[in-house]
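# Structure at a glance
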Amino acid sequence: MNDRQLPLFAGTDLAERIENAERTLISEAAEAAARRRPEGRCFATPLAGGVAAWAGEGSPLNKVAGLGFGGAVDEAELEAIERAYAERGSPVQVELSTAGEPSIGALFTRRGYVLIGFENVLALALAPGREAVLARSVEIRDSPESEFDLWLDLVVTGFASPDTQGVASHEEFPREVMASAMRDCMAASGFVRSLALHEGVPAGGGSLRLHAGVAQLCGAATVPAYRRRGIQSSLLEARLAVAAAAGSEVAVVTTQPGSKSQQNVQRQGFELVYARAVLVRA
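These numbers come from a predicted model, not from an experiment.

### What to know about the packing of helix α1 (residues 12-36) against helix α5 (residues 175-186)
Packing of α1 against α5 leaves a shortest axis separation of 7 Å and a crossing angle of 110 degrees. Relative to α5, the element α1 is oriented roughly perpendicular. Like other packed secondary-structure pairs, α1 and α5 cross with a definite hand, here right-handed. Packed against α1, whose contacting residues are L25, A29, A32, A33 and R36, the element α5 presents S180, D184 and C185 at the interface.

Right, dumping it as structure tokens:
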């Protein structure tokens, strides 16, 4: 065990905290999309302690998230949400924690939802005073609003060329859709953006969201020309140090099963705490 790592119990209390952070992120991002495109019919509707969100055609924010910790799903409310997605020509995608109320999965199965995949949720307990250890020739610094377009271009470019290790994602998004969703996410509360430089040249970026003691590592990417130089690990180290300094108790990351991203964070001491089942109704 890394001497900076504290014991972590992957119980339902921890899962509820993580899913609550996810719920507020999706809600606030969808609300930002609605402000940015008032004619776009975006919505963020509460459902059984979670949220059903739609942030524009093809957006990765179009999902039902955070269920399983706020009571049973009211079928009348669910039917209204299903109609709202149908009116927008969108399938209903549910990301359901394996640590939540089991009857909710049974309900979705009865209503014709199909299991199409999983994503892993990993967590790391944070100790106060954690320091970042960066790779040689790599600098990580905060990215101010004045260079947001540079940061966004680097991250979207990196995401456009994902690693191919492990289970492939069931989703792919055009560059402009991904950029739009990231703009909406960055409007949510608690975000810190990081820029990575290799020998002074911008080479990647990452983001961190601080919410109620939970530090969500919301994605980091390196442009292809600068990969295998320690930038991803340095972005991770730097964001964990920022989270610890801010008083966060636990850091969280979501990955595809068996992916390079999962391998990287497990090398830093992250543990698999639960998975999310991805259920879709066309």
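### What about the environment of G230?
Positionally, G230 belongs in the loop between β9 (214-222) and α6 (231-245). Along the chain, G230 and L134 lie 96 residues apart, while their C-alpha atoms are 7.7 Å from each other.

### Some thoughts on the pattern of salt bridges
Applying the stated rule across the entire model yields 15 salt bridges. Here K63 ties to E95 by a salt bridge, and the two come within 3.1 Å at their closest N and O atoms. Taken as a pair, K63 in strand β3 (residues 63-65) and E95 in strand β4 (residues 92-97) lie far apart in primary sequence, 32 residues in all. By the burial criterion, K63 is buried, and E95 matches it. The partner of E147 in a salt bridge is R141, and the shortest N-O contact between them spans 3.0 Å. For R141, a relative accessible area of 30% gives the class partly exposed. Linked by salt bridges that have partners in common, E75, E79, E82, R111 and R281 make up one network.

### Considering the environment of L240
Inspection of the secondary structure assignment puts L240 in helix α6. Residue classification places L240 among the buried positions, given a relative accessible area of 0%. Sequence separation between L240 and A127 is 113 residues, and the spatial gap between their C-alpha atoms is 9.8 Å. Not counting residues within four places of it along the chain, the set of residues in contact with L240 comprises L124, L126, R130, L217, A251 and F270.

### Describing the sheet that holds strand β6 (residues 138-142)
One open sheet accounts for 11 strands, arranged β1-β2-β3-β4-β11-β5-β10-β9-β8-β7-β6; its pairing is mixed. Of all the strands in the sheet, the pair left with one neighbour each is β1 (43-47) and β6. Within this sheet the neighbouring strands show an average axis-to-axis angle of 25 degrees, counted without direction. Bridge count between β3 and β4: two bridges; the pairing is parallel. Paired with A65 across the strands is E95, a residue of β4. Along the sheet, α1 makes contact with β1, β2 (50-54), β3, β4, β5 (114-125), β7 (191-198), β8 (201-211), β9, β10 (250-255) and β11 (271-281), crossing β11 at roughly 50 degrees. Its contacts with the sheet put helix α4 (residues 148-159) on β7, β8 and β9, and the angle it makes with β8 is roughly 95 degrees.

### Points about the nonpolar core
In terms of nonpolar packing, the biggest core is built from 25 residues, with I26, L61, W151, L152, V156, M182 and M186 touching the most fellow members. Secondary-structure elements contributing two or more residues to this core are α1, β2, α4 and α5. Take this core: its biggest share by element is six residues, from α5. Apart from the residues within four sequence positions on either side, L152 is in contact with A179, M182 and R183. Core analysis: the next-biggest nonpolar cluster, separate from the first, contains 20 residues, A48, V64, L67 and L107 among them.

Quick notes on the rules
- Residues numbered from 1 in each chain as written.
- Predicted model: local features only at pLDDT ≥ 70, side-chain atom pairs only at ≥ 80, totals over all residues.
- Heavy atoms only, no water.
- Axes fitted to C-alpha atoms, helices over the stretch in contact; angles between N-to-C directions.
- Helix = DSSP H or I, 4+ residues; strand = E, 2+ residues; numbered from the N terminus.
- Parallel < 35°, antiparallel > 145°, perpendicular 65-115°, else oblique.
- Left-handed = near helix turned anticlockwise from the far one by under 90°.
- Contact = heavy atoms within 4.5 Å.
- Salt bridge = Lys/Arg side-chain N within 4 Å of Asp/Glu carboxyl O.
- Buried < 20%, exposed > 50% of the residue type's maximum accessible area, 1.4 Å probe, protein only.
- Pairing = 2+ DSSP bridges.
- Core = buried A, V, L, I, M, F, W, Y, C linked by side-chain atoms within 4.5 Å.

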